[in-house]
Structure formats: structure tokens, C-alpha cells
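Below, each chain spelled out in residue letters.
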Amino acid sequence: MATKSMVDIEKTKKKINVLIVDDDPLNLQIHEKIIKAIGGTSQTANNGEEAVIIHRDGGSSFDLILMDKEMPERDGVSTTKKLREMEVKSMIVGVTSLADNEEERRAFMEAGLNHCLAKPLTKAKILPLINQLMDA
């Protein structure tokens, strides 16, 4: 009987769908593990241009986008601005080693981020934002 209750809870629990945008394979792997650990699903993009293409051509929709700031081809600031111009409504969270630099952080936030977190990303840092999304 208890097992059935657990299964019912799992079935009704909303799964979060996350796009991870980062040019560093290790960061992609770490962020994917965090999302999997909290029961979410993820897709990755190796740079901002890929993230734009995923939205433009794939018609994909995500609850959350984890956005690196410094990437080749299209950086996080430019990508975030472009996604907002495309009317992407996902929560976009900047993940950067420059989060302590107030000027850099402000520029990233002004591009259209909902939040900005310092690397390394941890489950403890992202969980409050996940909970906020789940409650919405």
C-alpha cells in the first residue's frame, strides 16, 4: 500500500525541463547530474547560438534555462537578450564565475535574467529556484 502511494506521488509530481547552455563539457555534465538528481530532464547547448536555434527551429520549451556568461559564438548576455526578444518566457538563470563582479553581474541581469548564480552550481543553490518554479 505504501509503495502505491509513493508511485502516485511520483506520477503527479511535475517534472522540470531544463536547457543547459555552457561551452565547458565538465560544467554541462555537472549541471545535468544536478537536474537529474532532482528528478528533472535536461537538454544541452554548447553555446548561445545553439540555444537560439533550439528555440527557433525546434520550437522547444523549457521551464528553466541555465545560461553560462562567457561562451564562443554567442555569449550569455547576447543569448539572453535574443531569447527574450523571441518572447521566451522560461526562467533564465545566469551561471558565471563573474557573479561577484557587480558590474558584470548587473549587465548579465539587465539582458533579461531572472537570477544570477556563482559557479560552481550546486543542488543547494538551484533548489530554491526549482521549488519556486514548481509552485508557480
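This structure is a prediction, so every number in the text was calculated from the model and none was measured.

Participant: Is there a simple way to explain the packing of helix H3 (residues 48-58) against helix H4 (residues 76-85) in this structure?
Facilitator: To describe two helices that pack against each other, one gives the angle between their axes and the distance between the axes. The contact between H3 and H4 brings their axes to 9 Å, and the two run at 15°. Taken together, the axis directions place H3 and H4 in an arrangement best described as roughly parallel. H4 is crossed by H3, and the crossing has right-handed handedness. Across the interface between the two elements, Gly48, Glu49, Ala51, Val52 and His55 of H3 pack against Thr79, Lys82 and Leu83 of H4. In the contact of H3 with H4, the residues fall into three nonpolar, three polar and two charged.

Participant: What exactly am I supposed to notice about the side chain of histidine 55 here?
Facilitator: Turning to its location among the elements, histidine 55 is positioned in helix H3. Sequence-distant contacts of histidine 55, that is, excluding residues within four places in its chain, are made with Leu19, Ser60, Phe62, Ile65, Leu83, Met86 and Val88.

Participant: Is there a simple way to explain the side chain of asparagine 47 in this structure?
Facilitator: With respect to the helices and strands, asparagine 47 occurs in the loop between strand S2 (41-45) and H3. Take asparagine 47: its relative accessible area is 5%, and that puts it in the buried class. Polar contacts involving the side chain of asparagine 47 include one to the main-chain amide nitrogen of glutamate 49, which spans 2.9 Å. At 2.9 Å, the side chain of asparagine 47 forms a polar contact with the backbone nitrogen of glutamate 50. For asparagine 47, the contacting residues outside a window of four places in its chain are Val21, Met71, Pro72, Glu73 and Arg74.

Participant: Explain the sheet that holds strand S1 (residues 17-21) here, please?
Facilitator: Working definition: the strands of a sheet are paired by backbone hydrogen bonds and lie parallel or antiparallel to each other. In space, the five strands of this open sheet follow the order S2-S1-S3-S4-S5, with parallel pairing throughout. Of all the strands in the sheet, the pair left with one neighbour each is S2 and strand S5 (115-118). The mean inter-strand angle of the sheet, taken between neighbouring strand axes irrespective of direction, is 20°. Of the pairings in the sheet, the one linking strand S3 (residues 64-68) to strand S4 (residues 91-96) comprises five bridges and is parallel in character. Residue pairing across strands places isoleucine 65 opposite isoleucine 92, the latter belonging to S4. Here helix H5 (residues 102-110) sits on the sheet and contacts S3, S4 and S5; the angle it forms with S5, its principal contact strand, is near 140°. Its contacts with the sheet place helix H6 (residues 123-135) against S3, S4 and S5, and it is angled at close to 155° to S5.

Participant: Can you help me understand the pairing of S3 in this one?
Facilitator: For a regular strand, the rule is simple: side chains alternate between the two faces of the sheet. The element S3 is extensively covered by neighbouring structure, given that five of its five residues are classed as buried. Across four bridges, S1 lies against S3 in parallel orientation. What sits directly across from isoleucine 20, in S3, is leucine 66. Between S3 and its parallel partner S4, the chain crosses via H4, and the hand of that crossover is right-handed.

Cut-offs used in this document
- Residues numbered from 1 in each chain as written.
- Predicted model: local features only at pLDDT ≥ 70, side-chain atom pairs only at ≥ 80, totals over all residues.
- Heavy atoms only, no water.
- Axes fitted to C-alpha atoms, helices over the stretch in contact; angles between N-to-C directions.
- Helix = DSSP H or I, 4+ residues; strand = E, 2+ residues; numbered from the N terminus.
- Parallel < 35°, antiparallel > 145°, perpendicular 65-115°, else oblique.
- Left-handed = near helix turned anticlockwise from the far one by under 90°.
- Contact = heavy atoms within 4.5 Å.
- Nonpolar A, V, L, I, M, F, W, Y, C, P; charged D, E, K, R; others polar.
- Buried < 20%, exposed > 50% of the residue type's maximum accessible area, 1.4 Å probe, protein only.
- Polar contact = N/O pair within 3.5 Å; in protein donor to acceptor, adjacent residues only side chain to side chain.
- Pairing = 2+ DSSP bridges.
- Right-handed = clockwise from strand over helix to strand, strands pointing away.

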